[in-house]
Amino acid sequence: MYTAGNIIYFDPFYFKDGSVSKPKYFLVIKIVGANVLIASLPSSKVHLPNHLEINHGCIEVPSGNINCYVFKANNVITTNNWAFPMDTFLYGQWLDEYNIAILEDIYPVEDIDYQVIGQLTIHELNKLIQCFAQSASVKRKFKRLLSE
């Protein structure tokens, strides 16, 4: 389940910061060692300046400290031909680490606690990693781990 490129849907997802739990997509970007993964929580909310053209792929605006990877609605991104139903955004500054053992404890049963939606194509995953690894606004720790 926790494989780089997997899109997982949790219903509900319990946020680390204690925010109200809700259904949420979760994208595994990279496994680090045996116990930790780097992931992003995709959002349908646009947190980008209005003047930016929003195309599929990487958006990087160093002067505005903006880094985002965009999945356009209905654009197939997985090996099983799945696509997000609406424009979806992954923000570089929201990358986070998750302990795999804790995730497995909280979400033990597939198709009850979570669903594996699909796996990003290698091309899409590589573009996403490159976008975050080369960004000025992504934390150095994540840039280093993504570049390894």
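In this report, we go over the structure that sits alongside the text. Here, residues in each chain are numbered from 1, in the same order as that chain's written sequence. Given that this is a predicted model, residues contribute local features only at a pLDDT of at least 70 and side-chain atom pairs are listed and counted only at 80 or more, while totals for whole chains, interfaces and linings are drawn from all residues. Side-chain figures throughout are based on the complete set of non-hydrogen atoms in the structure, without hydrogens or water.

1. What to know about the side chain of T78
The helix count covers DSSP runs of H or I at least four residues long, the strand count covers runs of E at least two residues long, and both are numbered beginning at the N terminus. Position of T78 relative to the elements: it lies in the loop between β5 (66-71) and β6 (88-91). For this analysis, a polar contact is any N or O atom pair within 3.5 Å, provided that within protein one partner can donate a hydrogen and the other can accept it, and provided that sequence-adjacent residues contribute only side-chain to side-chain pairs. A distance of 2.4 Å separates the side chain of T78 from the side chain of N80, its partner in a polar contact. Should any heavy atoms of two residues lie within 4.5 Å, those residues are considered in contact. Non-local contacts of T78, meaning those with residues more than four positions away in its chain, are made with I7, G118, Q119, L120 and T121.

2. Quick look at the environment of Q115
Counting through the fold element by element, Q115 comes out in strand β8 (residues 114-119). Relative accessible area decides the class of each residue, using a 1.4 Å probe on protein chains only: under 20% of the type maximum gives buried, over 50% gives exposed, and in between gives partly exposed. Judged by relative accessible area, which is 39%, Q115 ranks as partly exposed. Considered as a pair, Q115 and Y9 are 106 residues apart in the sequence and their alpha carbons are 5.2 Å apart. Excluding residues within four positions of it along the chain, Q115 makes contact with I7, I8 and Y9.

3. A few points about the sheet that holds β6
Paired strands, in this sense, are two strands between which DSSP finds at least two bridges. Judged by pairing direction, the sheet is antiparallel, and its three strands sit side by side in the order β4-β5-β6 without closing on themselves. Bordering the open sheet on either side are β4 (57-61) and β6, each of which pairs with just one other strand. Strand-to-strand, the axes of this sheet are offset by a mean angle of 25°, without reference to chain direction. Taken together, the five bridges between β4 and β5 define a ladder with antiparallel strand orientation. Angles here are taken between N-to-C directions and fall from 0 to 180 degrees, while the axes themselves are lines fitted to C-alpha atoms, restricted in helices to the stretch in contact.

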